[in-house]
Amino acid sequence: MPERIYNFAAGPCTLPLEALKKAQAEFVNFENAGMSLFEMSHRGKIYDKVHMDCMQLVRDVYELPETHKVLFIGGGATLQFTMIPMNFLAPGSFAEYINTGTWATKAYNDAKLIGDAREIATGKPNEFMTIPKDFKVDPKAAYLHLTTNNTIKGTELHKLPETNGVPIFADMSSDFMSRKVDWSRIGLAYGGIQKNLGPAGMSLVIIRNDILEKARTDIPSYLRYDLHASKDSMYNTPPMFQIYMMKLVLEWVRDNGGLEGMDKRADERSNIVYKAIDDNSTYFRCPVNREDRSRMNVCFRLPSEELEAKFVAEALAAGMNGLKGHRSVGGCRSSLYNAMPIEGAETLAAFMVDFMKKNPA
Ligand code: PMP
């Protein structure tokens, strides 16, 4: 194996090489302190600077207005499926959910256990290959929950829906920081950081101040957004490694064109792979409704499952891993997150055409 291969896995996934190298160089002896950052107190000056710098970078890169607060919360996006309704779905209120796939279903099912969560639209009848757009949000709803990118099905919401003034609560796990966000529409955005931002195990949560003020305070402490917010996400020992790595990744994002750079490259990469599919449509097929295609997770089928297995195995031998589709849907999936170089998409596209020629259906 070469030192680095193209990693098309859906998360955990490829991270910027510069960030990995910097972490490697300063892992054992951080800032000449004679110890690793991860052996230090999280209350000390050195860690505090890393923590606050990372928070500021989130604000700068995402162009966050003062109306919103940044939180780092240990536990993946799955914990947020519970925290959201615990905080904002008090008895007597209700929230609406758009169901666009596996993770959206999980978010909805967890919310139902806690309060009055209502599914107002679902893509289930056509296996989530289309994102439902025809729904009306009840202005009395506490929030509208949606998933901006559906990692498993390969669909993405390219425009936030009209919501009758209801704040949008968005799971952005798999397209975080890949484009600008109209923050005036967002009450709460969250995601596990293990795709575009860093290693697994932590969520980045961005919450509007007036929403934060409505968070419940009569629930267990770790689940209280207000407590995390009032302590700048240091209510308990924070996930220091995740925060440190996210800071390095965000520095890389900032130095590589910021969100405009990420957005432009997301277009370029996904266009390259979709073109390889569409130009060879007697062999490759993307099952997703065209206007809902994801720029982060490009899903495609080959003429048979046998050819798909062969494709995945030969791609791995050629230095491209993670191309097997999620076990629940099969097929192939190439995840093209921020850190995937354009050459990765080009190498994959060339390999696809070559494979097709050598392996007729
Ligand atoms: N939401 C989406 C869109 C995801 O892709 C994932 C993980 N792949 C999750 C939520 C769950 O995240 P975690 O594993 O960090 O709990």
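Because the structure is predicted, anything quoted here is derived from the model rather than measured. All chains use their own residue numbering, which begins from 1 and follows the written sequence. Confidence filtering applies because this is a predicted model: local features only for residues at pLDDT of at least 70, side-chain atom pairs given and counted only at 80 or more, and all residues used for totals across whole chains, interfaces and linings. Excluding hydrogens and water, the side-chain values take into account all heavy atoms of the structure.

(A) Broad picture of the site of the ligand. Note on terminology: near, applied to a residue and a molecule or strand, indicates that one of the residue's heavy atoms is within 4 Å of it. The ligand sits among 13 residues. The nearest are T78, T151, D171, Q194 and K195. Here a polar contact is recorded for every N or O atom pair within 3.5 Å, except that within protein the pair must consist of a potential hydrogen donor and a potential acceptor, and residues adjacent in sequence are included only if both atoms are side-chain atoms. Take A77: an N or O atom from its main chain is 3.1 Å from an oxygen atom of the ligand. Residue W103 places a side-chain N or O atom 3.4 Å away from an oxygen atom belonging to the ligand. The Shrake-Rupley method, run with a 1.4 Å probe sphere, supplies the accessible areas, and residue values consider only the shown protein chains as cover. Contact with the protein chains hides 86% of the accessible area of the ligand, taken as 390 Å² for the molecule alone. Helix numbers and strand numbers start at the N terminus; a helix is a DSSP run of H or I with at least 4 residues, a strand a run of E with at least 2. Among the elements that line the shell around the ligand, the one with the most residues is helix α3 (residues 77-88), at three residues.

(B) The arrangement of the pairing of strand β2 (residues 68-74) in detail. Here's how the labels work: a residue is buried when its accessible area is under 20% of the maximum for its type, exposed when over 50%, partly exposed in between, all with a 1.4 Å probe on protein chains only. In terms of burial, β2 is largely enclosed, as six of its seven residues are buried. Two elements, β2 and strand β10 (residues 202-208), share seven bridges in a ladder whose sense is antiparallel. Its bridge partner lying in β10, K69 is registered against I207. Strands qualify as paired when DSSP identifies two bridges or more between them.

(C) Spatial organisation of the sheet that holds strand β3 (residues 94-99). Strand order across the open sheet formed by seven strands is β2-β10-β9-β8-β5-β3-β4, with mixed pairing between neighbours. What marks the edges here is a single partner per strand, and that holds for β2 and β4 (116-122). For this sheet, the mean angle separating the axes of adjacent strands, direction not counted, is 20 degrees. Inspection of the sheet shows β3 paired to strand β5 (residues 144-147) by two bridges, in the parallel sense. When the bridges of β5 are listed, Y97 appears paired with H145. Any pair of residues with heavy atoms lying within 4.5 Å of one another is described as a contacting pair. In this analysis an axis means a line fitted to C-alpha atoms, helices contributing only their contacting stretch, and an angle means the value between N-to-C directions, from 0 to 180 degrees. The strands that α3 touches are β2, β3, β8 (168-171), β9 (186-192) and β10; relative to β9, the one it contacts most, it runs at about 150 degrees. Along the sheet face, helix α7 (residues 240-255) touches β2 and β10 and points at about 70 degrees away from the line of β10.

(D) How the structure looks around the pattern of salt bridges. What counts as a salt bridge is simple: a side-chain nitrogen of Lys or Arg found within 4 Å of a carboxyl oxygen of Asp or Glu. For the coordinates displayed, the defined rule picks out 23 salt bridges. With its nearest N and O atoms 2.8 Å apart, the salt bridge here joins R224 to D226. An identical accessibility class is assigned to R224 and D226; each is buried. Across the pair R290 and D278 runs a salt bridge whose closest N-O atoms are separated by 3.4 Å. Residue R290 is found in the loop between α8 (258-278) and β11 (297-300), and its partner D278 is found in helix α8; the two are separated by 12 residues along the sequence. Judged by its relative accessible area of 26%, D278 falls in the partly exposed class. Salt bridges here are not isolated pairs; linked through shared partners, they connect E63, K180 and E260.

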